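One letter stands for each residue in the lines below.
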Amino acid sequence: MLVLVIVIESLVMVVPTGLIFVWHHGSAKFPLCSMSTCFNFSRCNCKEQLLVYSYNDPAPLNPPTYFRGFPDSQLQTSDPEKACLFFVYSDTESNENAWWWQKPHLQTLPFWNNGMNHVIITFADRWSKTNPPAESIGMASIMSTELHHTAYRGGFDISIPLPRLQQQSPPELASVKPFQRKYFATFKGTRYLSREGAFRSSEAFRGMHNEKDVIVATTCRQETNDKLVRWQPWKATGCEEDQRVYDSYDFVDLLNSTFAFVPAGRSPASYRFLEVLSAGAIPVLIADDYVRPFESLIQWERCLLQFSTHDLHRILPTLRSLAKEDVVDRKCYCQRVFASFLQDDSTLVRSVILSLQQRMRS
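Everything numeric here is computed off the predicted structure, so don't read it as measured data. (Residues numbered from 1 in each chain as written. Predicted model: local features only at pLDDT ≥ 70, side-chain atom pairs only at ≥ 80, totals over all residues. Heavy atoms only, no water.)

## Considerations on helix H9 (residues 324-342)
In this model, H9 (19 residues) spans 26 Å end to end at C-alpha, consistent with the 27 Å of a helix rising 1.5 Å per residue. All buried positions along H9 are accounted for by Val327, Arg330, Lys331, Tyr333, Cys334, Val337, Phe338, Phe341 and Leu342. Against strand S10 (257-263), helix H7 (272-278), strand S11 (282-286), strand S12 (305-307) and helix H10 (345-361) lie the buried residues of H9. (Helix = DSSP H or I, 4+ residues; strand = E, 2+ residues; numbered from the N terminus. Expected span 1.5 Å × (residues − 1). Buried < 20%, exposed > 50% of the residue type's maximum accessible area, 1.4 Å probe, protein only. Contact = heavy atoms within 4.5 Å.)

The structure is reproduced here in structure tokens:
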């Protein structure tokens, strides 16, 4: 089969002729900045709390973010003269509905000062969805769930996780030891037929399912998939069989697994990340160019394993080759990380504050 790869942005399309067109989602290119060149330390009195002035309240996203309680915290100030940091929550409904040239200019913010000491906070699955052109942010830093190493400004920007969903695993599940769990490795979620995350449709990913100790249950039932299949029905190949497998497994039951796959979807970040950690499973990230959350606070290499979307064939052999002691140590560290930095909204907000303080000390 002739394969043609075209790198543009954010679309994967298979046409009837067998040609494969791949648009890779490119990361935004922000201005070069660091704490030494784009931050005014004189605004921040180290003897007092790190005070924050917010231009707006966190957007009422679904699910709501853990920042929703921040406006009532002791760190919030209504006096911009006292503020060390200025928060801009960009995921507003008006920003999401506006075309890129219609999004509000940050320069119109009353205390913008070319972005000095400003933090743009976004949970959008791509920068352009709710944010202005990357080159227009001046000296502002980014706090985002979608940060890529190719654009990440280490020690300046902060990667944060997506919020936890409402579905919770039984509390006792977290204490079940590795290899005493029902499954070895699992995943239950959407199979994307186009755009980012299309590798979930690959035989290399879905083929890891063996109906025994490794379960990969995917569904094609998703709004974007449904629209696509209406005019490209061949994209739905295998979807009926996938749905049969998907319907035969319970999501919470599959969390009773030593390892849990966390594959990238529309962006490298996944809601599944905190779900599997809360259940005591070891995350297996499948993502490219992804800056993991709170990297200045957490030694992720001691907890999770991460693979490129091009290395799916290596995942199971690698997991099965791990020494039992290594797996036990990873789970133990994962649980400590979850309890210390990720377990609920207040813990997540505290981790955000610690990350902001950490970059001022670096």
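## Notes on unusual backbone geometry
With phi around 50°, Asn113 is a residue other than glycine that occupies positive phi space. Of note, Asn113 is situated in the loop between helix H1 (93-97) and strand S5 (118-122). With relative accessibility at 57%, the residue Asn113 sits in the exposed group. Phi at Phe294 is positive, roughly 50°, even though this residue is not glycine.

## As for the sheet that holds strand S8 (residues 183-190)
The strands making up a sheet are joined through hydrogen bonds of the backbone, oriented either antiparallel or parallel. Here five strands make up an open sheet; going across it, the order is S9-S8-S10-S11-S12 and the pairing parallel. Whereas interior strands pair on both sides, the edge strands pair on one side only; in this sheet they are strand S9 (214-219) and S12. Each strand axis lies, on average, 20° off the axis of its neighbour in the sheet, ignoring direction. When S11 meets S12, the two strands line up parallel, connected through three bridges. The residue bridging Val284 from the neighbouring strand is Leu305, located in S12. Helix-sheet contacts for helix H5 (residues 239-247) involve S8 and S9, and the interaxial angle to S9 is about 120°. (Pairing = 2+ DSSP bridges. Axes fitted to C-alpha atoms, helices over the stretch in contact; angles between N-to-C directions.)

## A word on the sheet that holds S5
The strand order across the open sheet built from five strands is S3-S4-S5-S6-S7, with neighbouring strands paired in parallel fashion. Every other strand in the sheet has two partners, leaving strand S3 (52-54) and strand S7 (158-159) as the edge strands with one partner each. Where strand S4 (residues 85-89) lies against S5, four bridges are found, and the strand directions are parallel. For Val88, the partnering residue across the bridge sits in S5 and is Ile120.

## Looking at the environment of His313
One can find His313 in the loop between S12 and helix H8 (315-321). Measuring from C-alpha to C-alpha, the distance between His313 and Gly207 comes to 9.6 Å, with 106 residues separating the pair along the chain.

## Description of the side chain of Thr190
For Thr190, the location among the structural elements is in strand S8. A residue is classified by how much of its surface remains accessible, and Thr190, at 18% relative accessible area, is buried. Residues in contact with Thr190, not counting those within four places in the same chain, are Arg200, Thr219, Gln222 and Asn225.

## Looking at the side chain of His209
Within the element layout of this structure, His209 appears in the loop between helix H3 (203-206) and S9. Classification of His209 by relative accessible area gives buried; the value is 18%. Polar side-chain contacts of His209 include one of 3.1 Å to the backbone nitrogen of Val216. Not counting residues within four places of it along the chain, the set of residues in contact with His209 comprises Val214, Ile215, Val216, Val245 and Tyr249. (Polar contact = N/O pair within 3.5 Å; in protein donor to acceptor, adjacent residues only side chain to side chain.)

## Let's talk about the pairing of S11
Judged by how many residues are buried, S11 sits mostly within the fold: five of five residues are covered. Neither face of S11 is left uncovered, since the one carrying Ile282, Val284 and Ile286 and the one carrying Pro283 and Leu285 both have all their residues buried. Here S10 pairs with S11 via five bridges, running parallel. Paired with Ala260 across the bridge in S11 is Pro283.

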